[in-house]
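# Topology and contacts: notes
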Amino acid sequence: MMYKPEHIMTFGKNKGLTLKQIYQYKPTYIQYLVEFFDGFEIDINDFRDLPNPTVADPNQLPPDPEHGGLRFYPPIKLEASVE
């Protein structure tokens, strides 16, 4: 299957994100998938047309509205405690 930027990841730590979102924040993950997952192919021309990735923080991901805009990996449970 030829994957395009609008495809949504169905597995892994980026599950639920589009390949376009992943490319924007973690382009090396796309490279990893192409190199190490059999049958994972991208239409390189579609990805070349995307804006340049923003990679200031290698663990940066788009905000998760369920957790106040923060996204953690591995997922952690946020608990407030007062001592």
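What you see is a predicted model; the values in this text were computed from it and never measured. (Residues numbered from 1 in each chain as written. Predicted model: local features only at pLDDT ≥ 70, side-chain atom pairs only at ≥ 80, totals over all residues. Heavy atoms only, no water.)

### Overview of the overall build of the protein chain
Convention followed: The numbering of helices and of strands both runs from the N terminus, where a helix is a DSSP run of H or I of at least 4 residues and a strand a run of E of at least 2. For every residue, the accessible area (1.4 Å probe, protein chains only) is compared with the maximum for its type, and the residue is labelled buried under 20%, exposed over 50%, or partly exposed between those bounds. Any two residues whose heavy atoms approach within 4.5 Å are treated as being in contact. Each accessible area is a Shrake-Rupley result for a 1.4 Å probe, and residues are judged covered by the shown protein chains and nothing else.
Each helix and strand in the protein chain was counted, giving three helices and two strands. N-terminal to C-terminal, the α/β element order of the protein chain is β-α-α-β-α. Looking at the protein chain as a whole, 23% of its 83 residues qualify as buried. Restricting to contacts in the protein chain with at least 6 residues of sequence separation, those with at least 24 account for 52%. Of the accessible surface of the protein chain, which amounts to about 6400 Å², a share of 53% is contributed by carbon and sulfur atoms.

### As for the packing of aromatic side chains
Defined as follows: Any pair of Phe, Tyr and Trp rings, taking the six-membered ring for Trp, is counted once the centres come within 6.5 Å. Such a pair is stacked with planes under 30 degrees apart, edge-to-face with planes over 60 apart, and tilted for the rest.
Under the criterion given, the structure shown has six aromatic pairs. With 6.1 Å between their ring centres and 25° between their planes, Tyr29 and Tyr32 make a pair best called stacked. Separated by three residues within a single helix, Tyr29 and Tyr32 lie in helix 2 (residues 27–36), roughly one turn from each other. Taking the centre distance of 5.9 Å and the plane angle of 70° together, the rings of Tyr32 and Phe37 count as edge-to-face. For Phe37, a relative accessible area of 34% translates into the label partly exposed. The rings of Phe11, Tyr29, Tyr32, Phe36 and Phe37 are connected pair by pair, giving a single aromatic cluster.

### Some points on a nonpolar patch on the surface
Stated precisely, the cut-off is as follows: Note that patches include only residues with greater than 30% relative accessible area and no salt bridge, and the join distances are 9 Å for like charges and 5 Å for nonpolar side chains (Val, Leu, Ile, Met, Phe, Trp, Tyr). Salt bridge criterion: a side-chain nitrogen from Lys or Arg within 4 Å of a carboxyl oxygen from Asp or Glu.
On the surface, Phe11, Tyr32, Phe36 and Phe37 cluster together into a nonpolar patch covering about 400 Å² of accessible area. Counting through the fold element by element, Phe11 comes out in the loop between strand 1 (2–3) and helix 1 (19–25). Classification of Phe11 by relative accessible area gives partly exposed; the value is 32%.

### A short note on the confidence of the model for the protein chain
Keep this limit in mind: For every residue, the predictor reports its confidence as pLDDT, a number between 0 and 100.
On average, the protein chain scores 76 in pLDDT, and the residues at 70 or more come to 65%. Ranking the helices and strands of the protein chain by mean pLDDT puts strand 1 first, with 91, and helix 3 (residues 44–48) last, with 86.

### Quick look at helix 2
We apply this condition: Working definition: the arc comes from the directions between the helix axis and the C-beta atoms, pointing outward to the latter.
Buried within helix 2 we find Tyr29, Ile30 and Leu33. An end-on view of helix 2 places all buried positions within 105° of arc, on one side of the element. Away from the buried face of helix 2 by more than 90 degrees, exposed residues Thr28 and Phe36 are located. Against the buried residues of helix 2 lie helix 1 and strand 2 (41–42).

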